[in-house]
Structures are given as C-alpha cells and as structure tokens.
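# Descriptive structure summary
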2 protein chains.
Amino acid sequence: MAEESWPLELAPEQMRRLVDQALARILDHVASLPRQPACDVDGAAELARSLVERLPERGTPYEDLLRLLFDTAIPKSFNTAGPGYLAYIPGGGLLHSAVADLIADATNRYVGVWAAAPALAQLEANVVRWLGEIVGYPPEARGVLTSGGSIANLIALVTARRERLPPDFLSGTLYASDQVHHSVQKAALLAGFPEDSVREIPCDAAFRIRPDALRARIARDRASGRRPFFVVGSAGTTNTGAVDDLAGLADLAAVERLWLHVDGAYGGFFLLTERGRRAMRGIERADSVTLDPHKGMFLPYGTGSVLVRDGEALRRAHSVAAHYLPPMQESRDFVDFNEISPELSRDFRGLRVWLPVKMHGISVFREALDEKLDLTLRATEALQAIDGVEIVAEPQLSIVAFHLVRPGLDLAGLNALNRRFLDRINARRRVYLTGTLLDGRFVIRICVLSFRTHADRMDEGLADIRSAASEVTG
Amino acid sequence: MAEESWPLELAPEQMRRLVDQALARILDHVASLPRQPACDVDGAAELARSLVERLPERGTPYEDLLRLLFDTAIPKSFNTAGPGYLAYIPGGGLLHSAVADLIADATNRYVGVWAAAPALAQLEANVVRWLGEIVGYPPEARGVLTSGGSIANLIALVTARRERLPPDFLSGTLYASDQVHHSVQKAALLAGFPEDSVREIPCDAAFRIRPDALRARIARDRASGRRPFFVVGSAGTTNTGAVDDLAGLADLAAVERLWLHVDGAYGGFFLLTERGRRAMRGIERADSVTLDPHKGMFLPYGTGSVLVRDGEALRRAHSVAAHYLPPMQESRDFVDFNEISPELSRDFRGLRVWLPVKMHGISVFREALDEKLDLTLRATEALQAIDGVEIVAEPQLSIVAFHLVRPGLDLAGLNALNRRFLDRINARRRVYLTGTLLDGRFVIRICVLSFRTHADRMDEGLADIRSAASEVTG
C-alpha cells in the first residue's frame, strides 16, 4: 500500500534499482579515473547556463538524471577525485565513507544529543577521541566533527574569545603568519572582530612564522592598548606546506598568555608518520587543533574537525539551554555534541571516519601518508634536475613549490613565464597543478594528497613538467 | 596492481561487496521500520560504554562492523526514521538522498568554488533558486545550503550585523518571541553579542509574538541607547508550530529599520501547500529565511539552508580574498558558494535535494506535506474527544500540544500527572511523543513530519493516548 500511495516511500525493488544503477555508474567512473583528464572545464559556462531551471512540478526518469550527472556534469570539472590532481589541497573520496553515508542517511538517526542514539554518538565520540590520540591530547580533550576546516577554525576562535577576552572583546588581536589560511581571517570577521584584528606576521625563508617579529608585534599591540589573545600556528600551510615551530609557539603562547590554535587542516594527519611527528613537535601543547579528515584521511569532502585540549572550554562557549531538548545526560562519560558545537541537527559525520578506520586499521592510513611524503621528495629531486627550475619551498610535508628562473627577466616577466609554464603543464591534462604568489613571485605547487596518486602518475607529471619547461624556455 | 599495494583503493568487486552488503542491511532495516519500537534506549549507557575504544591499528571484518551497526547500535535509539516518531521535529531519511550522497562522495567533486565543478555547482544553485521560489524571493536573492538550521540562523545574523550595525556592534539588540528556537540565542552568543542582547518578547494565546510588546521593548531599548537591528519571526515554532504574523512583522521591521529574519527551519516547506502559504503570508518580505530540507523535505539530517533577499549582503558579510583560490568568475550569472558562506571545502549538499526533487517533481512533496497537515487535524479532533484532555495549542501547521486537566490539582500536581501520561503513551512504543513547558505547564506535543507517518500509525498513537489517559486518570 505504502509504495502506491506515497511515492517518496520506495518499495524494496525500487530502492535496489536506485542503488544498483548508481553503483554501476560509480564503478565505471572510478575505473575511468586514471584515464580522465586531470582538469576539464572547457565550455563549462555554457553547460552551466543550460542547466538553469525553475522548480520542477513533475519528475524526470532516474536514468536521465544519472546520465546528466555521470556523462555531463561530473566530468566537466577539476578532477579532484583522480590520481593526477596535485592542485590546491587534493581531495580524497574513499568509497568506504560513501557507503557510511549511505547507511547513515538511510537509517537517519540523530547523534547531536547523546540520549537520542547513544551507541552511534559513542562511535562518533570514539572518532573524536582517536583524533585526540593522534594529536597527543589528554582524555579531557573534547572535539567535534565539522563540515570542514573553516567551521573548525571558527569554533576554535569563538572558544578562545570566550576563554580569554571580556564580553567587550573588540580590542582583541589575533596573530598568524602571512601564510595562514584565509579561513582564519574569515573566522575573525564572522566572530565579530574589527577588520584589522588579524596581525599577519612575516615568515622566514622557509615560510614559517618569525617568532621575533611575532613577539615584537605583540609588545607593540599591548603598548597601544590592544589585547593579544590568539595565535595560530600552521601545521602545513596551503601555499607551501610550511610547518611553524609549534613548540616555540607553545612557549611563546605560555609567556604571553595567548590561546594557541594549530591549523592542521591540511597537514595534521601526517602526525601518523614519523616524519610528520618530528615536523609538528609541540602540537600537543596547543589549546586547540583543526584537522580535516577530508584531506589527510582521504575522505570525501564534508568532514573536518576541531579538538580543544580543555574540553570544558568548548562547552562554556556553546551551551544554551532549551526546554524542548531531551535532558542532557548527567555523566561526564558521554558527550552531547550540540552542547559543545554550534550545530543542533546535522549529519552523522562520525560514521564516515569510523568505517574506513575500523575496516583497515590506522596503519593503512599511516602507510599511505608516508607514501605521499616519499612522492613529494621524489618530485623535488626530479624538479631540481630540470634545467632552469628552482625550488622555492622545499617540502616540509607533501607540498613542493618551484618556478622557472631565467636571467635578465624582471619580476613581471618571470611571473608571465611561469604562468605560461603552468598552462603548458596543465594542457597535457595528466596532472593538474596550481600556482600561488610568494613575496610577489608566481610559483607553481605540487601538493600530493590523493590516495590515488602513486609513483606512476607522479613520473608522468614530472615528464610533463620537463617538456613544458623546455617548451617555454626553448 | 593498485588494489594489491594500496588497500584504500578498492577493487570493483570489493566496492560492489561493500555496497551490496550495506544495501541488504538497509533494505531489511527500512522494511522493519513499522515493527521497530518508536524509541528504545534501555541499557544504552552500558552499551555505549562497552563501545569505547582506542585508535585501532588493525582492521575488523566488514561483516562484523555491519552487524554492530544494524543489530546493536542503530536500533538502540530514538527511532527518528520510523513512522511512529512524532517527537521534537521528526527526521526523514529519503533513500534518494542517501543515493545522492553515495554518488557525491564517491565522485568527490568540489562545488564551493564555481570554477572547480561548474555544472555541479549550478545544480546546487538551482536548488537554492528553487528554495527562493518557494519563499517568493526575487532572482537577486542568494542562499546557501548548510548542515542545518543552526548554522543557517548564524549566517543570517552575521549578515544582518554587517548590514545594519557599525563595527562596534555590541549595543545591537535582537528581538524574538519567547518561543523562538534556542539556535537564535546561540547564534547571538557565537556572533559575539553580550549575553543579554536577545529580547524575548511575550506571546499571545496562540504562542505568536505580541507586536505591541515588541514595539514597546524596541522603544525602551532605543531610549536607553541600545541599537535594535534584528527581529526573528518564527514560521513554525518548535514547541507548538506557531507562526508569527509575518506580514505584521515585515511592516514593523520596515518602520523600525530592523532586519527581519524568518526561522522557517521546521515550518517553511509548508509554503508548498495552500494552507501553509496562508499561514506564512508576508514571508517573502523578510530579509532572510531559514528552511531545513532535512525537516520539511524529509531529507536525512545534514541539509539546512539560508536565503537572503539581497544576495549581495551575503557576499559582503563573507568575502575574504586568498591567493591560492582559483579566480572567482566574473559573471554574476554564477555563484561561488565559498564567497557567500562561512565554509570553503564542505560536502556537495545540493545533490541530496536535487535528486529527489528531480525524480518526483515538487508536487509529490506538496501532497506529502498536505497529508501531514491533515493528520494533525485528525489527531486534534481525536484528542478533543478524549475525556480530560485539553488542547493547549491548536495546530497552525503540523504540531498540536495538549495536556490532561483534572480539577483540584495544582500546577506541580498537574505537571506530574502529565509526565506520567507521556510515559504511559511512550511505554507502548508505537509512537514516541515529547513534552515541553509552556508558561510553566508541562504539555505533550504531537509533531507530524515524517514521510513515513500515515493515518494508520496516527490512529494507533491516538488509541495509545486514549488508553494512557484512562490509566493515569482512572
């Protein structure tokens, strides 16, 4: 009866058909990833314009929708799922997590309040605890899974504002290197700080914040009546993967009584590796840390996290009572996520992390991340051997930045040359790289973070870089 | 080769196995929903405690994980997916959206910047546009999909703060009825407003904000040097589904130069129905509106939205430039979601809404919502016929609130009686209801919003209410 009268309630065979047809398309898509161009957005504006439509009153056959998605819309994109994507911060897309979302969505339980699904909420709490173990946090630490690093950084900032500043907080000042991710400036804006509140501190030659410059700026701000309260250390900048001296920042933060937040959205999961732990020494002394499982754990987009060493600080910043909420449990053994985060109802994000970790164990992630570090070193060596190529940022994690140099060219000429260089590399479509500006210089980055990128693709990309270099310099 | 060396890269047959086994469990689960208890959390604390574990180094067989999820963890919960869930605001869990997430996760393209996946970003922009059509907004309106109503309300508030207050905004005051969702107070807290900034205005007998009290409070605040700037109208309160006089609020907001935000997280999609449109007349004059597709469109948890009539206001509140972002497209035809929202990388939420709407057309949603309104009226009539039951809040949308009255009982005695009444209803486990406090009175609510709730289950619930009433009064 149900399936006849209520079209949204699918009969079992309809559900099976939906999933089976989607899965067939997905399997084809994944199998074709190595052959797909690393980036293809030719004619995308016309395509997008042709898709504009008003709210449809009637339905369209499922097959037509799958065709539109898989044959037309998905391929016309930066191929963030493919092995050749070495641009920005590469995405992942573990199928395990896709299946976890299928389960979480279809069973649709609610984990934001512990009482509503205690066992599922515990699985998510386990995930948060694992992240705390990775950072080296004590058991009192608390954290939440977010949609990504931007909300994670915002939560950290709002928590620090509550802990370290009076209600009239507008004279509070924030410190970060000039390489910090722009979500920190955005968090400051959204949290209500005036426009000039984030002090961008200059970096050393390795793109790490300069402690002397930081100390000097804090002193100047205190002298002029501002309230320094928040310093961000980058555990892997987006531009070059630079890791600030986190132990040094922790010392400085202790002396200056600042909240130390470490943005490890890109780099944090390299803590699973020996080399990453060395680079990020001191991270466990931070007051809060952002880690993005949708980056360093290869998950699909949509899972970031923030951890706070003093878990009660998260609660103080986020608790508001309401009559219609179920009574929060008394025991401190359990966590009501809505009490320590800005969200009430939201997706059950924990399962997306839990399922792949439980299926494989963390060792498999560690090995994959070690491979990314190795690939970056391999790329760096190969780049150094190319005539005219100069490494601008040696890899600290899995990013290397480089450019072509040619005597006699001024900065504008050099930048134009390197933009052409990048275009030529990308025109081959086996890898997709992006550039950034470092001290006015346009440089090209290789960022290795896809679980699908291996030595074969890296070598193809390096061959393309070599040919492109001789084309533009020859 | 890949599947051997790199365990995270599954071979096609492994992927198929993952999905097939999960689907088999899901189909069983969905088929069993009518037989599942509406709520079962007996022994949940022990279960949760038994699940605590440290980061696993090695993996666990998939079958064991599915068994833990489907046999143990998922059933021990409020059954937010089932037909008997009439508590809080019921969840949905359309399988269409689960499949959409499977596709979005597995193909993992990035829609936060238009250039990165123009056609997919356009599908999400279509969804936002459809929501604007539902509200009656002009084409210049812009909006974003969020994880839920809390972030949506926060975005609206931050946007209004930017538009209506100076950088030193701490004297800004917000207005809402004393029935407003607590995410509004939370948004004020997170946006940096001092604790007493939200004025809770008393309601009339139908739990709607009293315009006279609102006007008086605004005048008093202005007289004392505060800056009134933001008023929230509820389009369906969580307690009783009350809809404020939105046209009246729009008039008042115009006169007082306030930003009018309408929180339609629960009730907004009833705009698809004739009765809903009548109740929410004037909503199109609001400066911003929150709608939660994971409520009124029956989606799985994780999809809210906020719409802003002047789309450029969203951009002004959220734009921060960064060198490493791809150039934002010039044309105003397209939208970079990261420029008008707090998030940069995040899940591709649009597909979750797009797929079910495209498959069925919106007419099917309209019919389902009309059914919920009908079921609520049916419940109200049946409740009125029960001896000793008094309706405390007549349905304005799909919530009715009631309690038992008994002469001679003081308030405490009456509340104790009604708590027993609620426990007896829920003990039958065919429906799960929750209570709330209205002017100190404990009342019981029926909220009809699951796409799986139909007349058969409602009648069973009403029978349980009747028996429970005679038990506790008899």
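Scroll up for the structure.
The structure contained in this document is the topic of the report that follows. Keep in mind it's a predicted model, so treat the numbers as computed, not measured.

### Examining the overall build of chain A
Secondary structure summary: chain A contains 17 helices and 13 strands in total. Taking the principal axes of the C-alpha coordinates as reference, chain A spans close to 80 × 55 × 45 Å. Per-residue burial over chain A gives 68% buried out of 474 residues. A separation threshold of at least 6 residues defines the contact pool for chain A, and within that pool the share at least 24 residues apart is 73%.

### Considering the pairing of strand β9 (residues 304-308) of chain A
Residues and elements named next belong to chain A. Of all five residues that make up β9, five are buried, and the element is covered over most of its length. Relative to β9, strand β3 (residues 142-146) runs antiparallel, the two being bridged by five bridges. Its bridge partner lying in β9, Gly143 is registered against Leu307.

### Thoughts on the relation of the copies chain A and chain B
With an RMSD of 0.0 Å, the operation that places chain A on chain B is a rotation of 180 degrees combined with a shift of 0.0 Å along the axis. In symmetry terms, the pair is related by a two-fold rotation axis. Of every C-alpha in chain A, the one belonging to Ala191(A) sits nearest the axis of rotation, 2.6 Å from it. With an isologous cut-off of 70% or more, the 100% of interface residues of chain A that recur at the interface of chain B puts this contact in the isologous class.

### Concerning the interface of chain A and chain B
With 153 residues of chain A in contact, the opposing surface of chain B contributes 153 residues. Taking both sides of the interface into account, the surface hidden between chain A and chain B amounts to around 13900 Å²; carbon and sulfur atoms contribute 67%. Here Arg366(B) makes a salt bridge to Glu57(A), at a shortest N to O gap of 2.4 Å. Where chain A touches chain B, the interface holds 61 residue pairs in polar contact (both at pLDDT 80 or more). Of the residues forming the side of chain A that touches chain B, the biggest block, twelve residues, is contributed by helix α2 (residues 12-32) of chain A. Here the side of chain A that touches chain B is built from residues that sort into 86 nonpolar, 39 polar and 28 charged.

### Some remarks on the nonpolar core
Ile103(A), Leu95(B) and Ile103(B) are the most contacted members of the largest nonpolar core, which totals 291 residues. In terms of residues, this core owes the most to one element, helix α6 (residues 118-135) of chain A, which gives eleven residues. Beyond its immediate stretch of four places on either side in the chain, Ile103(B) contacts Ala22(A), Ile26(A), Leu66(A), Leu69(A), Phe70(A), Ile74(A), Asn108(B) and Leu351(B).

### What about the packing of aromatic side chains?
All told, the structure shown has 25 aromatic pairs over all chains when counted by the stated rule. Ring centres of Phe78(A) and Tyr432(A) lie 5.0 Å apart, and the angle between their planes is 45 degrees; this geometry places the pair in the tilted category. Taken as a pair, Phe78(A) in strand β2 (residues 77-78) and Tyr432(A) in the loop between α16 (411-427) and β12 (434-438) lie far apart in primary sequence, 354 residues in all. Classification of Phe78(A) by relative accessible area gives buried; the value is 5%. Here the aromatic residues Phe169(A), Phe193(A), Phe229(A), Phe230(A), Phe169(B), Phe193(B), Phe229(B) and Phe230(B) are joined through ring pairs into a cluster of three or more. Over the ring of Phe169(A) we find Arg161(A); its NZ or CZ atom is 5.0 Å from the centre of that ring.

### Remarks on the side chain of Asp40(A)
Residues and elements named next belong to chain A. Here Asp40 lies in strand β1 (residues 39-40). From its side chain, Asp40 meets the backbone nitrogen of Asp42 in a polar contact 3.2 Å long. Reaching out from Asp40, the side chain makes a polar contact with the side chain of Lys76 at a distance of 3.2 Å.

### Details of helix α8 (residues 182-190) of chain A
Within α8(A), eight of the nine residues are buried, leaving the element largely enclosed by the surrounding structure. Of all the residues in α8(A), the buried ones are His182(A), Ser183(A), Val184(A), Gln185(A), Lys186(A), Ala187(A), Ala188(A) and Leu190(A).

### Structural notes on the pairing of strand β5 (residues 198-201) of chain B
Residue and element names in this part refer to chain B. Bridging between strand β4 (residues 172-177) and β5 involves four bridges; their strand directions are parallel. Bridging across to β5, Ala176 finds its partner in Glu200. Chirality of the crossover, the property in question, places the unit of β4, helix α8 (residues 182-190) and β5 among those that are right-handed.

### Thoughts on the sheet that holds strand β6 (residues 227-234) of chain B
Strand pairing in a sheet takes place through backbone hydrogen bonds and is either antiparallel or parallel in direction. Residues and elements named next belong to chain B. In spatial order, the strands read β3-β9-β8-β7-β6-β4-β5; together these seven strands make up an open sheet with mixed pairing. Of all strands in the sheet, those with a lone pairing partner are β3 (142-146) and β5, marking the two edges. Looking at each pair of strands side by side, their axes are set apart by 20 degrees on average, direction ignored. Here β4 pairs with β6 via four bridges, running parallel. By the bridge assignment, Gly172 is partnered in β6 with Arg227.

### Overview of the sheet that holds strand β10 (residues 389-393) of chain B
Residues and elements named next belong to chain B. Taken in spatial order, the four strands make up an open sheet running β10-β11-β13-β12, and their pairing is antiparallel. What marks the edges here is a single partner per strand, and that holds for β10 and β12 (434-438). Adjacent strand axes in the sheet meet at a mean angle of 40 degrees, parallel and antiparallel pairs treated alike. Alignment of β12 against strand β13 (residues 441-447), held across five bridges, turns out to be antiparallel. Each bridged residue has a counterpart across the sheet, and for Leu437 the counterpart in β13 is Phe442. Across the face of the sheet, helix α16 (residues 411-427) comes into contact with β10, β11 (399-404), β12 and β13 while running at roughly 30 degrees to β13. Of the strands in this sheet, β11 and β13 are in contact with helix α17 (residues 455-473), which crosses β11 at around 20 degrees.

### A short note on unusual backbone geometry
Even without being glycine, Asn108(A) reaches a positive phi, approximately 40 degrees. Looking at the element boundaries, Asn108(A) is found in the loop between α5 (95-107) and α6. Non-glycine residue Asp439(B) carries a positive phi angle of around 50 degrees. Mapping Asp439(B) onto the fold places it in the loop between β12 and β13. For Asp439(B), a relative accessible area of 62% gives the class exposed.

Analysis parameters
- Residues numbered from 1 in each chain as written.
- Chains lettered and ligands numbered in written order.
- Predicted model: local features only at pLDDT ≥ 70, side-chain atom pairs only at ≥ 80, totals over all residues.
- Heavy atoms only, no water.
- Helix = DSSP H or I, 4+ residues; strand = E, 2+ residues; numbered from the N terminus.
- Buried < 20%, exposed > 50% of the residue type's maximum accessible area, 1.4 Å probe, protein only.
- Contact = heavy atoms within 4.5 Å.
- Pairing = 2+ DSSP bridges.
- Least-squares fit on C-alpha atoms with pLDDT ≥ 70 in both.
- Buried area = accessible area lost by both parts, 1.4 Å probe.
- Salt bridge = Lys/Arg side-chain N within 4 Å of Asp/Glu carboxyl O.
- Polar contact = N/O pair within 3.5 Å; in protein donor to acceptor, adjacent residues only side chain to side chain.
- Nonpolar A, V, L, I, M, F, W, Y, C, P; charged D, E, K, R; others polar.
- Core = buried A, V, L, I, M, F, W, Y, C linked by side-chain atoms within 4.5 Å.
- Phe/Tyr/Trp six-rings, centres within 6.5 Å; stacked < 30°, edge-to-face > 60°.
- Lys NZ or Arg CZ within 6 Å of the ring centre and 35° of its normal.
- Right-handed = clockwise from strand over helix to strand, strands pointing away.
- Axes fitted to C-alpha atoms, helices over the stretch in contact; angles between N-to-C directions.

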